[in-house]
Amino acid sequence: MRSPPPSSQASTDLPISDVWPDFGEATIPQPLRALSDGLEGEETQPDFLEFDVPDATAPMPMESMFPTPDTGHLTLLRDWPHAVLALEMGREPRLLFWNQQAENMLGYESLDLVGNPLGLTLLCPDQDYRTRKLSELQQLGAAGVELEWTLTCRDGQKLRLAWSLLPMLQTQGVSRVFWLVGVDVSRRALTEQALRGRDRLLRSLFRHLPDMVYLKDGRGTWLMANPSALAVVGLTEAQAIGHNNLELADRGSPMAAALRLSALNEEATWQTGRASHLQEVGDDAQGMPRSFDVVRVPSFARDGSRLHMLVIRRDVTEQRTAATKLELAGRVLDQGSDGIVICDADRQVMMVNQAYCDISGFSADETVGRVYKLLADGQHDEAFQASIWAAVHEHGRWSGEVWGRRKTGEVYPQWLILSALRHRASGELTHYVAAISDLSSRKAAEEKIAFLSTRDVVTGLPNRTQVAMRAEVALDRARIDGDGVVLLVVDIDNFKTLNDSLGHAAGDFLLREIGQRLQHFGGAQSVVGRLSGDEFLLMQAGIKTTTDAAHLAGSMMEAVAQPVTFDGLPVNVSLSVGVAMFPSDGDRFDTLFGRADAAMYAAKRGGRAAYQFATASMNDAALERLQLEAALRAAIEQEALRLEYQPLI
């Protein structure tokens, strides 16, 4: 054994704990610890184990690697609890030593590897990987730095070992032999690999998150911020990192107000010691107002001191705007008077508004989830319903008046607007929307308007306009048939006095009663109506002679002018009637009405409670006939008649 040169001696004059790989105190083998106790000391200098190899190409015998007094070290290395190998770095690297622990870990025995030119190939089949690792080993030299090398076990499994040089066993001048001790770090390698993968994933997520993410220390100083966060505040990473919110706000940031508010909320979160979730409003870097959903998560040390705060800020301006619009649309939908039904593509009801429930009588629970019935059963045939759906599919919309059915079974008219909604991108049909307007009230109003335009409000009889139309039709029919028609204008005597004394309610009651009596007397074939005030009209076809007309007028006055009881008070009624004949008094309604009206006023002037024909001759003949009839009746009642015989000659 030779003493090493001063430089080499200085490089190895270290305790064994300083050159042993940092696997922890427990990993230093006890035999090596005993060896180190013999090498360490103030007066004793460590001897180097040297090997004189006369032939660099021939394998080196193991016994020649240890001086005669130290061959016992070989036995110690074979029993070490860690894998130990000696590798000769020649033209064809080969193993010179392989201890028992290495055999246990990798499954290869010493006889399989030591001295075998292919031994290293068995442990590391990948030539490129093997060459790279051997090169790294040569570069490490005697520095004792850890080298990780994945080897293949006998059963094919992979085992990653951390190898470290044993400088105290390196032979002086024999640099091609390396003594290595290995520790299984497969689990640590897998853990480190998983950690590196997770770290890359977290960093990627951190950078690509659309939300704004900040990490701050206990004093509020920015430690990390993703690009979304920096873009919102309008700062670069260099401008933001290392500063707190108040410092950034004082620099004139467009979000100065929002930064100061955030600083206050962060302090409040620190004080509570719990994560916070707040809604904040502030201007962005362009000065536009934005809404943010902010989550702050503080972390504390064991002694309660502040460590970090994670801030996640999400821009919810668009969502807030959309939610506001949706809320307004919902309110409009609920407040609207039209019923709305929304169905899916299978025509199953998804939603109805309150107006639909009010119109149909069905509640939302009774409607949602069921197939929408477009039309009332029994009111429209299947072909009509199919044509509606076909039009919706072809044109996207159909509108029209249809019949619907309420929950009570009542059928009602409705105006239906049925629309199809399609996906903007694909054009696929997604929903149907039906808007329903209840036409019952409008139809009733239209009918009422139509009624009022042709009927008298008080009596319900046709008004003057409607009477004129019906009278013209009756005259046209009589003209074609060659028939006669009588027109009577009837006026209630002393109506104004009765109306003023008993009130308008009594007057209206009397008008309705007279109208009903006239309508009942005239029958379905006559034309009866109220002209104005207390004037009525009765037109009867089939009357050709004045005698028939006089009988009709008298019968009408007798039937209609009966006492009327109002609130238990009997009221006597008398009528004044004017009579005109078609065609003798005129062939048009206006002419006949004018003459009959004049005759009615003549009757009133003559003392009321009478009728008057439109012409004097007709009136005289009627009077003569009536007088004769009255005299005959009186004679019969008085038995003043006697039978006379005149002989026939």
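Residues numbered from 1 in each chain as written. Predicted model: local features only at pLDDT ≥ 70, side-chain atom pairs only at ≥ 80, totals over all residues. Heavy atoms only, no water.

A.B. asks: I keep staring at the overall build of the chain and nothing clicks. Help me out?
C.D. replies: Looking only at helices and strands, the chain features 24 helices and 22 strands. For the chain, with 649 residues in total, the buried portion stands at 41%. Considering only intrachain contacts with a sequence separation of at least 6, the fraction spanning at least 24 residues in the chain is 52%. Surface accessibility of the chain: about 36600 Å² in total, with carbon and sulfur atoms responsible for 53%. (Helix = DSSP H or I, 4+ residues; strand = E, 2+ residues; numbered from the N terminus. Buried < 20%, exposed > 50% of the residue type's maximum accessible area, 1.4 Å probe, protein only. Contact = heavy atoms within 4.5 Å. Areas by Shrake-Rupley, 256 points an atom, 1.4 Å probe, with all protein chains shown as cover.)

A.B. asks: How should the side chain of Asn226 be read in this particular structure?
C.D. replies: With respect to the element layout, Asn226 can be found in the loop between β7 (222-225) and α10 (227-233). In terms of polar contacts, Asn226 uses its side chain to reach the backbone carbonyl oxygen of Asp211, at 2.8 Å. Setting aside its immediate chain neighbours within four residues, Asn226 contacts Phe206, Arg207, Leu209, Asp211, Met212 and Val213. (Polar contact = N/O pair within 3.5 Å; in protein donor to acceptor, adjacent residues only side chain to side chain.)

A.B. asks: Hey, could you run me through the sheet that holds β7 in this one?
C.D. replies: One open sheet accounts for five strands, arranged β7-β6-β10-β9-β8; its pairing is antiparallel. Every other strand in the sheet has two partners, leaving β7 and β8 (276-283) as the edge strands with one partner each. Averaged over neighbouring strand pairs, the angle between their axes works out to 25° when direction is ignored. As paired strands, strand β9 (residues 289-300) and strand β10 (residues 306-315) are joined by nine bridges and run antiparallel to one another. Opposite Val295, over in β10, you have Ile312 as the bridge partner. Helix α13 (residues 256-272) rests against β6 (212-217), β7, β8, β9 and β10 of the sheet, and its axis sits at about 130° to β10. Running over the sheet, helix α14 (residues 317-335) touches β8, β9 and β10 and is turned about 125° from β9. (Pairing = 2+ DSSP bridges. Axes fitted to C-alpha atoms, helices over the stretch in contact; angles between N-to-C directions.)

A.B. asks: Before we go on, may I ask you to explain the packing of aromatic side chains in this structure?
C.D. replies: Aromatic ring pairs: the centre-centre distance and the angle between the two ring planes describe each pair. For the coordinates displayed, the defined rule picks out eight aromatic pairs. Relative to Tyr432, the ring of Trp389 lies with its centre 5.0 Å away and its plane at 75°, an arrangement referred to as edge-to-face. Of the two residues, Trp389 sits in helix α17 (residues 382-395) while Tyr432 sits in strand β15 (residues 429-438), which places them 43 residues apart along the sequence. Of the two residues, Trp389 and Tyr432, both sit in the buried class. Arranged with centres 5.9 Å apart and planes meeting at 20°, the rings of Phe589 and Phe593 form a pair that is stacked. With a gap of four residues between them, Phe589 and Phe593 both fall in helix α23 (residues 589-605), about one helical turn apart. Like Phe589, the residue Phe593 is buried in the burial classification. (Phe/Tyr/Trp six-rings, centres within 6.5 Å; stacked < 30°, edge-to-face > 60°.)

A.B. asks: Any chance you could explain the pairing of β6 here in plain terms?
C.D. replies: Looking along a regular strand, one sees the side chains alternate between the two faces of the sheet. Extensive coverage of β6 is indicated by the burial of five of its six residues. Bridge analysis of β6 against β10 gives six bridges, and the strand direction is antiparallel. Bridge assignment links Asp217 to a residue of β10, and that residue is His308. Where β6 and β7 come together, three bridges link them in antiparallel fashion. Within β7, the residue paired with Tyr214 across the bridge is Ala225. Connecting the antiparallel pair β6 and β7 is a turn made up of four residues, with Gly220 showing a positive phi of about 90°.

A.B. asks: Whenever I open this one, the pattern of salt bridges confuses me. Can you help?
C.D. replies: Where side chains of opposite charge bring their charged atoms close, a pairing between them can arise. Under the definition given, this model contains 30 salt bridges. Of the charged contacts in the structure, one is a salt bridge between Glu148 and Arg188, with a shortest N-O distance of 2.5 Å. Of this pair, Glu148 sits in strand β3 (residues 147-152) while Arg188 sits in helix α9 (residues 186-208), placing them 40 residues apart in sequence. Given a relative accessible area of 17%, Glu148 falls into the buried group. (Salt bridge = Lys/Arg side-chain N within 4 Å of Asp/Glu carboxyl O.)

A.B. asks: Is there a simple way to explain the pairing of strand β17 (residues 527-532) in this structure?
C.D. replies: Of all six residues that make up β17, five are buried, and the element is covered over most of its length. In this sheet, strand β18 (residues 535-541) lies alongside β17 in antiparallel orientation, the contact comprising five bridges. Of the residues in β18, the one forming a bridge with Val528 is Leu538. What sits between the antiparallel neighbours β17 and β18 is a turn of two residues, in which Gly533 has the positive phi angle 55°.

A.B. asks: Would you take a moment to explain the sheet that holds β15 for this structure?
C.D. replies: Spatially, the five strands line up as an open sheet ordered β12-β11-β15-β14-β13, and their pairing is antiparallel. Single-partner strands in this sheet number two, and they are β12 (349-352) and β13 (397-405). Strand-to-strand twist in this sheet, taken as the mean axis angle between neighbours without regard to direction, amounts to 25°.

A.B. asks: Would you mind going over helix α20 (residues 495-502) with me for this structure?
C.D. replies: Within an α-helix, residues lying three or four positions from one another point in the same direction, as the helix has 3.6 residues per turn. Taken residue by residue, α20 has Phe495, Leu498 and Asn499 as its buried positions. Seen from one end, α20 has its buried residues packed into an arc of 100°, which puts them on one side. Set apart from the buried face of α20 by more than 90 degrees, the exposed residues are Lys496, Thr497, Asp500 and Ser501. The elements touched by buried residues of α20 are β16 (485-492), α21 (504-522) and β20 (569-571). (Arc of directions from axis to C-beta.)

A.B. asks: Whenever I open this one, a nonpolar patch on the surface confuses me. Can you help?
C.D. replies: Among the surface-exposed residues, Leu201, Leu202, Leu205 and Leu209 lie close enough to one another that they form a single nonpolar patch of about 350 Å² accessible area. Topologically, Leu202 is positioned in helix α9. Given the relative accessible area of 49%, Leu202 is considered partly exposed. (Patch = residues over 30% accessible without salt bridge, like charges linked within 9 Å, V, L, I, M, F, W, Y side chains within 5 Å.)

A.B. asks: Looking at this model, I keep getting lost on helix α19 (residues 464-481). Mind explaining?
C.D. replies: For α19, spanning 18 residues, the distance from its first C-alpha to its last is 25 Å, which sits close to the expected 26 Å at 1.5 Å a residue. The elements touched by buried residues of α19 are α18 (440-454), β16, β17, β18, β21 (575-582) and α23. Phi for Gly482, located one or two positions after α19, is positive at around 70°. (Expected span 1.5 Å × (residues − 1).)

A.B. asks: What is the right way to read the nonpolar core from this model?
C.D. replies: The tendency in soluble globular proteins is for nonpolar side chains to be buried as a group. Core analysis: the largest hydrophobic core is formed by 32 residues, its most contacted members being Leu488, Ile492, Met556, Leu575, Val577 and Val579. Sorting the residues of this core by element identifies β16, α20, α21, β18, α22 (546-560), β21 and β22 (611-613) as the ones contributing at least two each. Per-element tally for this core: the top contributor is α22, with seven residues. Ignoring anything within four residues of it in the chain, the contact list for Leu575 reads Val490, Asp491, Ile492, Asp493, Met556, Met557, Val560, Ala561, Ala609 and Ala610. (Core = buried A, V, L, I, M, F, W, Y, C linked by side-chain atoms within 4.5 Å.)

A.B. asks: Looking at this structure, I do not really get the confidence of the model for the chain. What am I missing?
C.D. replies: Detailed reading of predicted coordinates is not advised where the pLDDT is low. Per-residue confidence for the chain gives a mean pLDDT of 82; residues scoring 70 or more make up 85%. This stretch, residues 1-69, has a pLDDT under 50; its non-local contacts, to residues over four places away or in other chains, come to 111 contacts. (pLDDT = per-residue confidence, 0-100.)

A.B. asks: Would you take a moment to explain the packing of α21 against α22 for this structure?
C.D. replies: In contact at an axis separation of 10 Å, α21 and α22 are set at 135° when each is read in the N-to-C sense. Comparing the axis directions of α21 and α22 gives the class oblique. Crossing hand, α21 versus α22: right-handed. On α22, the residues that touch Ile514, Arg517, Leu518 and Phe521 of α21 are Leu552, Ser555, Met556, Ala559 and Val560. (Parallel < 35°, antiparallel > 145°, perpendicular 65-115°, else oblique. Left-handed = near helix turned anticlockwise from the far one by under 90°.)

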